[in-house]
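# Analysis of the macromolecular model
What follows is the residue order along each chain.
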Amino acid sequence: MCGIFGCILKEGNAAPLIHSSLKRLEYRGYDSVGIATISDGKIFMKKDQGKIDEVHKILNLDDLPGNLGIGHTRWATHGAPLKVNSHPHTDCTGEIMVVHNGIVENFMELKAELQNLGHTFVSKTDTEVIPHLIEETLKNNPKLSFVSAIQESIKRLEGSYALAIISSRDPDKIICARNESPLVLGINGKGVFCASDIPAFLPITNKAVMINNGELVILTAQGYEIKKISDSTPITREPITIEWTAEMAVKQGYPHFMIKEIHEQPETLRNTLRMQDHYLDLLTTFLDRANEVFLVACGTSYHACLAASYMFSKLAFLPTYPVYASEFVEQHGKSVNIDSTILAVSQSGETADTLAAVTCAQQRAATILGLTNVIGSTLTRISRVYIGTQAGPEIGVAATKTFTSQLSVLAQLALKLSKKRGKISQDEMDCLEENLKKMPEDVETIVRTQEEKIKQIAHKYKDSKVFFYLGRGISTATAYEGRLKLMEIAYIPSIAFPAGESKHGPISLVENGFPVVFICPRDDSHKTLIGNIMEMKARGAHIISVIEEGDEEIKALSEEYIEVPKGIPSVLSPIPFVVPLQLLAYYTALEKGLDPDMPRNLAKSVTVK
Ligand code: F6R
């Protein structure tokens with residue numbers, strides 16, 4: 001996710017202010033930190049891996065001259081959290097400094113092109129192509145102004161970015177640009193500021209100017225100028241007054257991190273779907289070769305594995321074994337071997353049970369693949385190949401946006417493997433890829449259209465003593481995840497199982513008014529699922545269904561229904577269908593007066609077995 005900050009002060013040194021502002025952006029990542037300033041036309045820079053306080057202790061980040069500068073706190077995506085990958089990044093001459101939040105999707109092509117032209121790269125980041133691109137543009141058009149060279153260069157970037165750029169070639173300016181990564185300006189009598197997020201400058205000013213996609217900003221000591229990147233059309237935008245407190249600002253106005261993170265899912269899915277093909281291809285090759293594949297994880301990440309086992313089976317005809325990490329050693333510790341492949345899934349990359357399972361498999365020469373949200377975590381260090389989920393730091397204890405990001409990577413892997421193995425028709429593949437691409441939009445629609453209704457459902461059922469969550473096929477995984485969310489933050493005992501199992505025992509619990517949540521995508525199991533709904537209804541259950549828009553049959557059987565957009569293929573359904581369940585858990589916790597961000601007895605990262 002990363003945090004960027006820049007400022008031009010009318011008086012005084014910029015570095016201490018950049019340092020304190022980056023501290024307020026640390027919730028966006030803290031793998032490394034760096035600051036660059038300009039004084040008397042010369043560039044100064046300090047950066048290193050580690051948290052801001054740790055780096056400051058060694059380097060004294062405040063001790064940089066000049067009233068103008070930029071800074072960055074990193075959440076690693078491309079390249080490990082090392083000094084060499086820390087921002088700011090620079091060109092061959094060291095005259096251009098860039099801080100970036102986002103992902104340059106076409107960086108590999110650009111890097112190859114620039115390397116062929118003689119540019120030397122030092123990092124593994126996508127960002128480093130930007131200063132070199134600007135350097136090259138200026139070399140080819142010496143008459144171009146620095147601002148125009150930036151403008152021309154960023155037109156070649158694909159992907160997302162919020163940028164702040166300074167240079168000794170034009171030492172009185174900070175140039176910023178935005179595409180799909182947040183960027184906001186702050187203004188007061190003492191200077192101008194640019195940042196990823198309002199909390200960075202809130203103690204200094206509450207006058208903010210929001211920057212939109214496709215806009216370039218030129219900051220000088222006199223103020224700011226905004227124009228369109230595409231055709232330089234000037235844009236006039238006055239500052240607005242932000243009424244948030246500092247704490248509200250970190251949560252971007254939301255009362256809790258959990259709801260902020262639920263709402264962030266369209267963006268985090270977009271970022272995750274931008275994954276470099278190269279990493280997916282590599283992982284796919286390992287999966288394709290594997291004799292047996294174990295999908296190993298705990299809690300929510302295990303539910304992603306369970307869903308993935310359906311995806312791999314249905315799309316790529318690859319049987320996989322989802323296993324609770326805490327059970328792996330007992331269950332498979334003796335049989336796992338050199339021909340086994342372990343795909344370990346962990347948001348934190350530090351869960352003790354997952355690492356213990358991985359270590360056991362590694363000692364028996366199995367291939368370890370990792371999927372995690374935290375680059376640099378132990379899992380990334382012990383995996384042969386790993387992929388990052390690009391969800392940004394998740395602060396709410398209950399996993400939400402990382403779950404949907406995990407699912408979208410696993411779906412991409414299953415699709416790649418299917419393609420490699422030629423297992424499904426081109427038409428089906430096109431349809432699935434198209435649907436995956438529009439997943440962020442679908443999630444946006446669900447949150448926008450269903451949130452109010454879900455609040456009412458939460459209000460109505462808040463005093464229920466127990467809930468069932470049922471689904472068939474891949475929706476079993478969705479049901480398990482919905483139930484875990486409700487239990488962990490609303491403390492309502494809940495039971496989830498495949499809907500077909502209900503008549504083999506659990507149905508005896510059902511009595512009048514018993515809430516049963518059914519997950520109902522329109523897939524091959526739809527008809528049978530209706531049978532299961534009827535069985536529950538006959539015993540007085542209250543049906544809360546999550547259905548496709550316009551599913552009149554199930555609507556008619558439901559006391560409450562929540563709709564998701566039409567036409568979502570079954571193998572992708574856990575991504576949108578889990579969102580209403582996350583909201584239901586969140587609003588039920590609020591109805592019960594509980595703090596969803598701090599559920600009792602739980603920790604974000606479970607580092608004990
Ligand atoms: C539930 C939740 C936990 C984690 C589990 C594994 O909302 O967050 O169940 O999913 O502790 O954690 P990671 O994914 O970090 O290995």
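Summary of the structure given here. (Residues numbered from 1 in each chain as written. Predicted model: local features only at pLDDT ≥ 70, side-chain atom pairs only at ≥ 80, totals over all residues. Heavy atoms only, no water.)

Here we take up the site of the ligand. The immediate surroundings of the ligand are formed by 14 residues, with Ser301, Ser346, Ser348, Thr351 and Glu488 found nearest. Side-chain polar atom of Ser301 to an oxygen atom of the ligand: 2.5 Å apart, as the coordinates give it. Contact with the protein chains removes 90% of the 400 Å² of surface that the ligand exposes when unbound. Of all elements in the fold, only α10 (299–316) and α17 (475–490) reach the threshold of two or more residues within the shell around the ligand. Taken together, the residues of the shell around the ligand break down into 5 nonpolar, 7 polar and 2 charged. Both of domain 2 (254–437) and domain 3 (448–599) provide at least three residues apiece to the shell around the ligand. (Near = heavy atom within 4 Å. Polar contact = N/O pair within 3.5 Å; in protein donor to acceptor, adjacent residues only side chain to side chain. Areas by Shrake-Rupley, 256 points an atom, 1.4 Å probe, with all protein chains shown as cover. Helix = DSSP H or I, 4+ residues; strand = E, 2+ residues; numbered from the N terminus. Nonpolar A, V, L, I, M, F, W, Y, C, P; charged D, E, K, R; others polar. Domains from an automatic or database assignment.)

Before going further, it helps to spend a moment on the layout of surface pockets. A water-sized probe, rolled over the atoms, reveals where empty space remains. Roughly 740 Å³ of volume is contained in the largest pocket. What lines the largest pocket is a set of 29 residues, among which Arg178, Pro182, Gln252, Glu264 and Glu267 lie closest to the centre. Breaking the lining of the largest pocket down by element, the ones donating at least two residues are α7 (257–263), α8 (265–273) and α16 (439–461). In terms of residue count, the dominant contributor to the lining of the largest pocket is α8 (4 residues). (1 Å grid on protein atoms, 1.4 Å probe; cavity = no way out; pocket = protein on both sides within 12 Å on 5 of 7 lines; lining within 4 Å. Points joined across faces, edges and corners; volume = space filled by probe spheres on them.)

What follows covers the packing of aromatic side chains. The description of an aromatic ring pair rests on the distance of the ring centres and on the angle between the ring planes. A full pass over the atoms with the stated rule returns 8 aromatic pairs. The ring of Tyr561 has Lys453 sitting right over it, with the charged end atom 3.7 Å from the ring centre. The ring of Tyr491 has Arg600 lying over it, and the distance from NZ or CZ to the ring centre is 3.8 Å. (Phe/Tyr/Trp six-rings, centres within 6.5 Å; stacked < 30°, edge-to-face > 60°. Lys NZ or Arg CZ within 6 Å of the ring centre and 35° of its normal.)

Attention now moves to the pattern of salt bridges. Applying the stated criterion to the full structure yields 29 salt bridges. For the salt bridge of Arg237 with Glu215, the shortest nitrogen-to-oxygen distance reads 2.7 Å. With Arg237 in the loop between β14 (234–235) and β15 (240–241) and Glu215 in strand β12 (residues 215–220), the pair connects residues that are 22 residues apart, well separated along the chain. Among the salt bridges present, the one from Asp281 reaches Lys416, with a minimum N-O distance of 3.2 Å. Of this pair, Asp281 sits in helix α9 (residues 277–289) while Lys416 is found in helix α14 (residues 401–421), placing the two residues 135 residues apart along the sequence. (Salt bridge = Lys/Arg side-chain N within 4 Å of Asp/Glu carboxyl O.)

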